[in-house]
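# Commentary on secondary and tertiary structure
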Amino acid sequence: MRLQQCYKTDDFRRLAKKRLPAPIFHYIDGGADDEVTLGRNTSAFDDVDLVPNVLAGIDSVDMSVEVLGRKLDMPLFMSPTAMQRLFHHEGETALARTADKLGTMFGVSTLGTRSIEELGAMSAAPKLFQIYVHNDPGLTTSMIERCREAKFDALALTVDTIVAGNRERDYLTGMTTPPKLTPRSLLSFMTHPNWTLNYLAREKFDLPNISASVDAGSKVPVSVMEYLNKELKRTISWDDAANMIAEWGGPFAIKGVMSVDDARRAVDIGASAIMISNHGGRQLDGSRSPIDQLPAIVDAVGGDIEIIVDGGIRRGTHVLKALAMGATACSGGRLYLYALAAAGSQGVRRAMSLLQSEIERGMLLMGCKSIADLRRNMLAVRKK
Ligand SMILES: Cc1cc2nc3c(=O)[nH]c(=O)nc-3n(C[C@H](O)[C@H](O)[C@H](O)COP(=O)(O)O)c2cc1C
């Protein structure tokens, strides 16, 4: 299978599986425990049907939305994800290039593999930096200052990861960062020599947003679960979030809100957006899917805060369903990560462009000229 034969997320996934050693592929692909939430995040979209209006007399659509202080040309952006240079040597620069081309936003993780400064300098696209609060209190302040200097548009505080989810595939494959040859992983690295030689030949793996303060993860190999459990502050609270909003003073999202009460608290402390998210099914298995939880959150806080649906999106029609329910925009990880692993920036650009055309085609077929035309009465929930 070649890149030009990839049309849907699952096609890119198959290519990624071929290219990557097992520890790396399963780190992207896997979820927590029995992966019930991972599966439900996508299958829940099938419980809602689109009901189009025809003869709308339109020949083009405006897909733009305002998110976190910036206009995006499409209502889907790239969520922050860790360790991208393990998937492809271009890492986050592939997202930056795609965001520049398509006029969308890209997220950068605290555990990103390209620096805040490098990405700030190379891209004028809307940029979101994701914060994991570490035990070292100086680290958050230093990341906030670096984002300000590098002209990032917004911050997202991830709140669903105070302990690591139980990602059993990572135990089985022996996944560590940086990768370590173990009896379990050796065969997989040897049978993917292109990946392995490329990894060894390129610049040394680093986590440049934190490695001045933390050795684990860049200088000392650890599993991602060990890293999260040891280095992240468990006791972060709403007061911490409120203080961070004040310290940053710009657009701010809370990523990982699931309950209606928490959505209200996010409004109360002055957050600009919530990302309804269960971390792509990688944290609390059995957690409800973002799309299932969306209507209750829209009913409670719609209009008071931007609402981003993060997780499970694999098709343009999934985005249309979320927007019709009242979401401001959508975001996703694996929808571009498999493509990054498959073919770097060419892959990410192809995956995001295909989704962009799916959204455009879907809007035309729904009879909607703008995002505001997508309304809840254009959805029907299937009876079980
Ligand atoms: C490989 C991988 C790494 C991730 N790393 C982070 C991270 O560092 N910080 C974070 O807030 N979320 C992280 N996420 C979660 C994503 O931001 C997003 O919530 C999730 O991918 C959405 O689900 P989807 O993959 O079904 O789109 C990661 C997800 C994946 C798949």
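Only a predicted model underlies this, so the values are computations on that prediction, with no experimental measurement involved. (Residues numbered from 1 in each chain as written. Predicted model: local features only at pLDDT ≥ 70, side-chain atom pairs only at ≥ 80, totals over all residues. Heavy atoms only, no water.)

### Notes on the packing of aromatic side chains
Where we set the bar: In this scheme Phe, Tyr and Trp rings, the latter by its six-membered ring, pair at centre separations within 6.5 Å, and the angle between planes marks the pair as stacked below 30 degrees, edge-to-face above 60, and tilted otherwise. Helix and strand definitions follow DSSP, with helices as H or I runs of at least four residues and strands as E runs of at least two, each counted in order from the N terminus. Using a 1.4 Å probe on the protein chains alone, a residue whose accessible area is under 20% of its type maximum counts as buried, one over 50% counts as exposed, and one in between counts as partly exposed. Ring-over charges, as used throughout, are those where CZ of Arg or NZ of Lys falls within 6 Å of the ring centre and within 35 degrees of the ring normal.
For the coordinates displayed, the defined rule picks out 5 aromatic pairs. A ring pair is formed by Tyr27 and Phe87, whose centres lie 6.2 Å apart and whose planes are at 35 degrees; its orientation type is tilted. Placement of the pair is Tyr27 in helix 2 (residues 22-29) and Phe87 in helix 4 (residues 84-87), with a sequence separation of 60 residues. The exposure classification of Tyr27 matches that of Phe87, with both residues buried. Measuring from centroid to centroid gives 5.4 Å for Phe189 and Trp195, while their planes differ by 35 degrees, and the two rings are tilted. Members of the aromatic cluster, connected to one another through ring pairs, are Phe189, Trp195 and Tyr199. For Arg350, the ring lying beneath its charged end belongs to Tyr7, and the centroid distance is 5.0 Å.

### Comments concerning the site of the ligand
Definition in use: Neighbouring residues are identified by heavy atoms, a residue being near a molecule or strand if any of them is within 4 Å of it. In protein, a polar contact means a hydrogen-donor-capable atom and an acceptor-capable atom, both N or O and within 3.5 Å, with residues adjacent in sequence counting only if both atoms are side-chain atoms; elsewhere, any N or O pair within 3.5 Å suffices. With residues, only the protein chains shown are counted as cover, and all accessible areas are computed by Shrake-Rupley using a 1.4 Å probe. Each residue gets one of three labels, nonpolar for Ala, Val, Leu, Ile, Met, Phe, Trp, Tyr, Cys and Pro, charged for Asp, Glu, Lys and Arg, and polar for the others, Gly among them.
Around the ligand, a shell composed of 23 residues is seen, among which Pro80, Ser109, Thr158, Asp310 and Gly333 lie nearest. Ala82 is positioned with one of its backbone polar atoms (N or O) 3.0 Å from a nitrogen atom of the ligand. Take Gly333: an N or O atom from its main chain is 2.8 Å from an oxygen atom of the ligand. Notes on the ligand: free accessible area 600 Å², of which the protein chains cover 99%. Counting only elements with at least two residues in the shell around the ligand, the list comes to helix 2 and helix 16 (334-366). The class makeup of the residues in the shell around the ligand is 6 nonpolar, 12 polar and 5 charged.

### Comments concerning the UniProt feature "domain: FMN hydroxy acid dehydrogenase" (unreviewed entry) in the protein chain
Definition in use: UniProt positions are given in the numbering used here, feature names are shortened, and annotations may be inferred rather than shown by experiment.
In the UniProt entry, the feature "domain: FMN hydroxy acid dehydrogenase" (unreviewed entry) is given for residues 1-384. What you have in residues 1-384 is 44% helix and 12% strand, and the ends, taken at the C-alpha atoms, are 38 Å apart.

### Focus on helix 5 (residues 92-102)
Since one α-helical turn is 3.6 residues long, residues separated by three or four positions face the same way. Condition: Contacts are residue-level and defined by heavy atoms, with any inter-residue pair within 4.5 Å sufficient.
Most of helix 5 sits out of view: 8 of its 11 residues are buried. Taken together, the buried positions of helix 5 are Glu92, Thr93, Ala94, Leu95, Ala96, Thr98, Ala99 and Leu102. Elements in contact with the buried residues of helix 5: strand 4 (76-78), helix 4, strand 5 (106-108), helix 6 (116-122) and helix 16. Among the residues trailing helix 5, Gly103 stands out with phi positive, at a value near 70 degrees.

### Description of the state of the cysteines
Note the following rule: Pairs of cysteine sulfur atoms within 2.5 Å are what we label disulfides.
This model, assessed by the stated rule, comprises 0 disulfides. Sulfur of Cys330: no disulfide; nearest cysteine sulfur belongs to Cys368 and is 14 Å away. The buried category is assigned to Cys368, whose relative accessible area is 0%.

### Comments concerning the side chain of Thr177
By the element assignment, Thr177 lies in the loop between helix 8 (168-173) and helix 9 (183-190). Among the polar contacts made by the side chain of Thr177, one reaches the main-chain carbonyl oxygen of Gly217 at a distance of 2.8 Å. Residues contacting Thr177, with those up to four places away along its chain left out, are Met83, Phe205, Gly217, Val220, Pro221, Val222 and Val224.

### Considering the pairing of strand 7 (residues 154-158)
Counted only if it meets this: Any two strands with at least two DSSP-identified bridges between them are counted as paired.
Burial within strand 7 is extensive, with 5 of its 5 residues counted as buried. Burial along strand 7 is two-sided: the residues Ala154, Ala156 and Thr158 and Leu155 and Leu157 are all buried. The sheet contact formed by strand 6 (residues 127-131) and strand 7 spans 4 bridges and is parallel. The partner of Leu128 across the bridge, within strand 7, is Ala154.

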